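Here is how the chains run, residue by residue.
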Amino acid sequence: MASPPHTSKTLKLERYNSYLRRLHSTKVLNASSKLIFRVTLLIALVLILFFTLNYPPLSDKNPNHAHLHHHSFLSAALFTSSAGGDAWEKQVRHSSTPKKPNGLSVLVTGAAGFVGSHCSIALKKRGDGVLGLDNFNSYYDPSLKRARQKLLLKNQVFIVEGDLNDASLLTKLFDVVPFTHILHLAAQAGVRYAMQNPQSYVSSNIAGFINLLEVAKTANPQPAIVWASSSSVYGLNTQVPFSELDRTDQPASLYAATKKAGEEIAHTYNHIYGLSLTGLRFFTVYGPWGRPDMAYFFFTKDILQGKPIDVYQTQDKKQVARDFTYIDDVVKGCLGALDTAEKSTGSGGKKKGPAQLRVYNLGNTSPVPVGNLVSILEGLLRTKARKHVIKMPRNGDVPYTHANVTLAYRDFGYKPTTDLATGLRKFVKWYVDYYGIQTRVKKDSDINSEHPEESA
Ligand SMILES: O=C(O)[C@H]1O[C@H](OP(=O)(O)OP(=O)(O)OC[C@H]2O[C@@H](n3ccc(=O)[nH]c3=O)[C@H](O)[C@@H]2O)[C@H](O)[C@@H](O)[C@@H]1O
């Protein structure tokens, strides 16, 4: 049967029907794209909320540090655990809970630093709880601080990334953990750099210290605080060896002045709020994982690279000398000070009675001229140094340091046991290992045959 001829009416009807079909399919398409759009929007909102709450870390208020998260080997861990959320709190609690009965719970500031990293590991190894705090600033190569952080993580010590001046972060930490002690080692170190960047000393060593004390004084319980002062407070003192009773009102550098100010500030917080405070005057601490801004460290680097080094002399052409102190001895001193620190007496910001206030020298009791330091390094590196002997620039350095440690010995048995040659050998061994340097450096076998006791 032939199909009916198209009349104008049927044609119109067909066109109308096809119009309706197109209209319907567009509507379906619109409805489904709207649905997709809404679902995408919802997912985006959820993601934004998640990122805002979790990243960047609560602690990191410094935009200069933000990039470090991306480069950090730990970025994934920090991403999920540094926001003050459940995972973060769990990590903070786990790290700071002692594993032995009556163990300490210590907040170590500057935990990614030289002395801080050594002390954190030593405390953790003997069963104390340790939580680190560090702002990972770039005063010296932050990758060294990241490597120390990695080492600490292996030892179950978690470092919160944040600044001393971040009061809300510090308060949060004390809300989560009832720290028994603070080992306050975060500081702007270095004597000569104070002429280049004086404000950084004010910000860390004065403002940051006060911020920490403000939080500690209101904490319940108040922690006992052991903190790093410096041999540089003796300044132009000529009485040797330096005793804690000698005058310390003639600092030769702004660095020394901020450390001396710290000692006076400690007195105030002890007096008003009953905080137990112990200041440790470190004498040129050196050793493995040390600070690249210190002479023994950059001398090693420059000697190995064949670069000249400046060896300072006093104005009257005498040798400059330091009471170089090996890191392990200083760690023992820090732990001894923590163990003998009495409890703070205040609570809720109110003093309840007199509290302990102490200051100790932690030195080696045997000054060595810088020229001898260089000779020891030349021997260990089997390389002659290109020495430029020059008059010490007027940059805050003092000619001579020498500690009397009678007080630290009496109160917590502090007794340094490492001489400079032994300590530098350990440093050089670490240095070539860490930087992967193939050199003529004395090998372990050479070292062990000279000092058989070390091969045990
Ligand atoms: O004992 C301390 O309290 C201080 O010890 C060190 O300060 P410093 O003793 O000056 O240590 P280095 O910078 O390593 O200098 C060691 C010696 O080498 C000398 N030096 C330094 C640099 C240089 O180019 N040439 C040179 O002969 C210095 O005058 C000094 O006698 C630390 O850098 C400070 O943070 C610390 O507080």
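Reference entry: report on the structure contained in this document.

Cut-offs used in this document
- Residues numbered from 1 in each chain as written.
- Predicted model: local features only at pLDDT ≥ 70, side-chain atom pairs only at ≥ 80, totals over all residues.
- Heavy atoms only, no water.
- Helix = DSSP H or I, 4+ residues; strand = E, 2+ residues; numbered from the N terminus.
- Buried < 20%, exposed > 50% of the residue type's maximum accessible area, 1.4 Å probe, protein only.
- Contact = heavy atoms within 4.5 Å.
- Core = buried A, V, L, I, M, F, W, Y, C linked by side-chain atoms within 4.5 Å.
- Polar contact = N/O pair within 3.5 Å; in protein donor to acceptor, adjacent residues only side chain to side chain.
- Near = heavy atom within 4 Å.
- Areas by Shrake-Rupley, 256 points an atom, 1.4 Å probe, with all protein chains shown as cover.
- Salt bridge = Lys/Arg side-chain N within 4 Å of Asp/Glu carboxyl O.

## Topic: the overall build of the protein chain
At step 1: When you go through the protein chain residue by residue, the secondary structure sums to 15 helices and 13 strands.
At step 2: A buried classification covers 50% of the 456 residues belonging to the protein chain.
At step 3: If you take every contact in the protein chain between residues at least 6 apart in sequence, the share linking residues at least 24 apart comes to 81%.

## A short note on unusual backbone geometry
At step 1: With an omega of 0°, the peptide bond running from Asn220 to Pro221 counts as cis.
At step 2: Note that Pro221 resides in the loop between α8 (198–218) and β5 (224–230).
At step 3: The omega torsion of the bond from Val240 to Pro241 falls at -10°, within 30 degrees of zero and hence cis.
At step 4: By secondary structure assignment, the location of Pro241 is in the loop between β5 and α9 (254–273).
At step 5: Even without being glycine, Gln156 reaches a positive phi, approximately 65°.
At step 6: Turning to its location among the elements, Gln156 is positioned in the loop between α6 (142–154) and β3 (158–161).
At step 7: What makes Gln156 partly exposed here is its relative accessible area of 46%.
At step 8: The phi dihedral of Arg382 falls on the positive side, at around 50°, and the residue is not glycine.
At step 9: Along the chain, Arg382 turns up in the loop between α12 (370–381) and β13 (386–391).
At step 10: Residue class for Arg382 comes out partly exposed when judged on its relative accessible area of 40%.

## Here we look at the nonpolar core
At step 1: Val115, Leu183, Phe282 and Tyr296 are the most contacted members of the largest nonpolar core, which has 72 residues in total.
At step 2: If near-sequence neighbours (up to four positions away) are discounted, Tyr296 is found in contact with Phe114, Val285, Tyr286, Gly287, Gly290, Arg291, Leu373, Leu377, Leu424 and Phe427.
At step 3: One finds Ile182, Leu212, Leu213 and Trp227 within the second-largest nonpolar core, a separate group that totals 31 residues.

## A word on the side chain of Asn237
At step 1: For Asn237, the location among the structural elements is in the loop between β5 and α9.
At step 2: Of the polar contacts made by the side chain of Asn237, one reaches the backbone oxygen of Gln239; its length is 3.2 Å.
At step 3: If we ignore the near neighbours within four places in the chain, the residues touching Asn237 are Phe242, Asp246, Arg247 and Gln250.

## Regarding the site of the ligand
At step 1: Residues in contact with the ligand amount to 23 residues; listed here are only the nearest, Arg192, Ser230, Ser231, Tyr255 and Asp310.
At step 2: Protein coverage of the free-state accessible area of the ligand, which is 690 Å², stands at 95%.
At step 3: Of all the secondary structure elements, the ones that give two or more residues to the shell around the ligand are α10 (295–304) and β8 (308–313).

## Details of the environment of Asp419
At step 1: Secondary-structure assignment places Asp419 in the loop between α13 (406–412) and α14 (420–434).
At step 2: Placed 95 residues apart in sequence, Asp419 and Phe324 show a C-alpha to C-alpha distance of 8.5 Å.
At step 3: A polar contact of 2.6 Å, which involves the side chain of Asp419, links it to the side chain of Thr422.

## Structural notes on the pattern of salt bridges
At step 1: Summed over all chains, the structure comprises 16 salt bridges.
At step 2: When the shortest N-O distance is used, the salt bridge between Glu161 and Arg146 registers 3.1 Å. With Glu161 in strand β3 and Arg146 in helix α6, this residue pair connects regions lying 15 residues apart in the sequence. In this structure, Glu161 and Arg146 share a single accessibility class: buried.
At step 3: Its salt-bridge partner being Asp293, residue Arg291 comes within 2.8 Å of it at the nearest N-O pair.

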